[in-house]
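Here is how the chains run, residue by residue.
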Amino acid sequence: MAAVGDCSALLRAAAPEAASAGVVVVTGGEPDLRCCTDRRARQLDLVQFLLGSGPCVEAARGRTARANTTEIRTHWPDFALCARTLHVHSFLCAPLLLGDEVIATLDLYGDRSYAFDRIDEHRMAGLTGAVTAALRRGAAPLAPPRRRRSLR
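Residues numbered from 1 in each chain as written. Predicted model: local features only at pLDDT ≥ 70, side-chain atom pairs only at ≥ 80, totals over all residues. Heavy atoms only, no water.

A.B. asks: I'd like a rundown of the pairing of strand β1 (residues 20-27), residues and numbers included.
C.D. replies: Moving residue by residue along a regular strand, the side chains alternate between the two faces of the sheet. With 7 of 8 residues buried, β1 is to be regarded as a mostly interior element. Two strands pair when backbone bridges link them, and β1 and strand β5 (residues 101-110) are joined in this way by 6 bridges, in the antiparallel orientation. Each bridged residue has a counterpart across the sheet, and for Val23 the counterpart in β5 is Leu106. Direction of pairing for β1 relative to strand β2 (residues 30-36): antiparallel, over a ladder of 6 bridges. Paired with Val24 across the two strands is Leu33, which belongs to β2. Following β1, the chain reverses through 2 residues before pairing antiparallel with β2; Gly28 in that reversal takes a positive phi of roughly 60°. (Buried < 20%, exposed > 50% of the residue type's maximum accessible area, 1.4 Å probe, protein only. Helix = DSSP H or I, 4+ residues; strand = E, 2+ residues; numbered from the N terminus. Pairing = 2+ DSSP bridges.)

Rendered as structure tokens:
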């Protein structure tokens with residue numbers, strides 16, 4: 001369980017303006033929630049993979065996604081209702097790469113629109129190596145998703 005604590009500490013350090021955060025490991029296109037700072041992050045990560053859309057899913061496909069309330073409604077309308085219900089108004093989700101392969105996503109959630117900027121993107125890019133190291137030490141999942149959906 002110490003590794004999960006290490007992982008959560010890294011998530012909180014990623015961006016001070018992040019209200020919630022999570023890490024989802026991607027193996028063979030399948031998501032596996034490894035750690036999160038709170039229940040809200042867990043719900044947000046799981047719902048995105050169940051729907052097959054959202055900024056976390058974009059990160060799992062290898063693209064960093066930074067979005068505010070308007071962009072969430074425009075790009076991921078199915079997911080927008082969940083985000084609004086949980087009072088999340090901005091996202092910064094980035095892939096964790098091992099070579100060219102996405103092995104996980106680092107997902108930051110904000111309570112206000114425009115909580116994240118390019119500086120936060122650069123800060124997160126610097127932390128991806130540390131998060132990957134924490135995952136390699138064996139962070140256990142909080143709970144397996146009830147239903148998995150392939151990213152492909």
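That was the structure; now back to the text.
A.B. asks: Residues and numbers for the pattern of salt bridges, please.
C.D. replies: As a working rule, side chains carrying opposite charge can pair if their charged atoms are close by. As enumerated under the stated definition, the model contains 8 salt bridges in all. When the shortest N-O distance is used, the salt bridge between Arg34 and Asp32 registers 3.2 Å. Here Asp120 ties to Arg123 by a salt bridge, and the two come within 3.1 Å at their closest N and O atoms. Taken together, the residues Asp120 and Arg123, both in helix α6 (residues 118-136) and 3 residues apart, mark about one turn of the helix. A cluster of three or more residues bridged by salt bridges with shared partners is formed by Glu17, Asp120 and Arg123. (Salt bridge = Lys/Arg side-chain N within 4 Å of Asp/Glu carboxyl O.)

A.B. asks: Please set out the sheet that holds β1 residue by residue, giving values where relevant.
C.D. replies: A sheet is described by the order of its strands in space; here 5 strands give the open sequence β2-β1-β5-β4-β3, paired in antiparallel fashion. Where the open sheet ends on each side, the last strands, each with one partner, are β2 and β3 (65-68). The sheet shows a mean angle of 20° between the axes of neighbouring strands, direction not considered. Relative to β1, helix α2 (residues 39-51) is tilted by about 40°, and along the sheet it contacts β1, β2 and β5. (Axes fitted to C-alpha atoms, helices over the stretch in contact; angles between N-to-C directions. Contact = heavy atoms within 4.5 Å.)

A.B. asks: Lay out the nonpolar core in plain terms, naming residues and giving numbers.
C.D. replies: Core analysis: the biggest nonpolar cluster contains 25 residues, and Leu44, Ile72, Phe79, Phe91 and Tyr109 have the highest contact counts within it. Listing elements by their share of this core, those giving two or more residues are β1, β2, α2, α3 (55-60), β3, α5 (77-85) and β4 (90-98). Residues Ala21, Ala94, Ala104 and Phe116 belong to the second largest nonpolar core, which totals 16 residues. (Core = buried A, V, L, I, M, F, W, Y, C linked by side-chain atoms within 4.5 Å.)

A.B. asks: I'd like to hear about the environment of Ile103, residue by residue, with values.
C.D. replies: Mapped onto the elements, Ile103 comes out in strand β5. In the structure, Ile103 is positioned 78 residues away from Val25 in sequence and 5.8 Å away in space, judged by C-alpha atoms.

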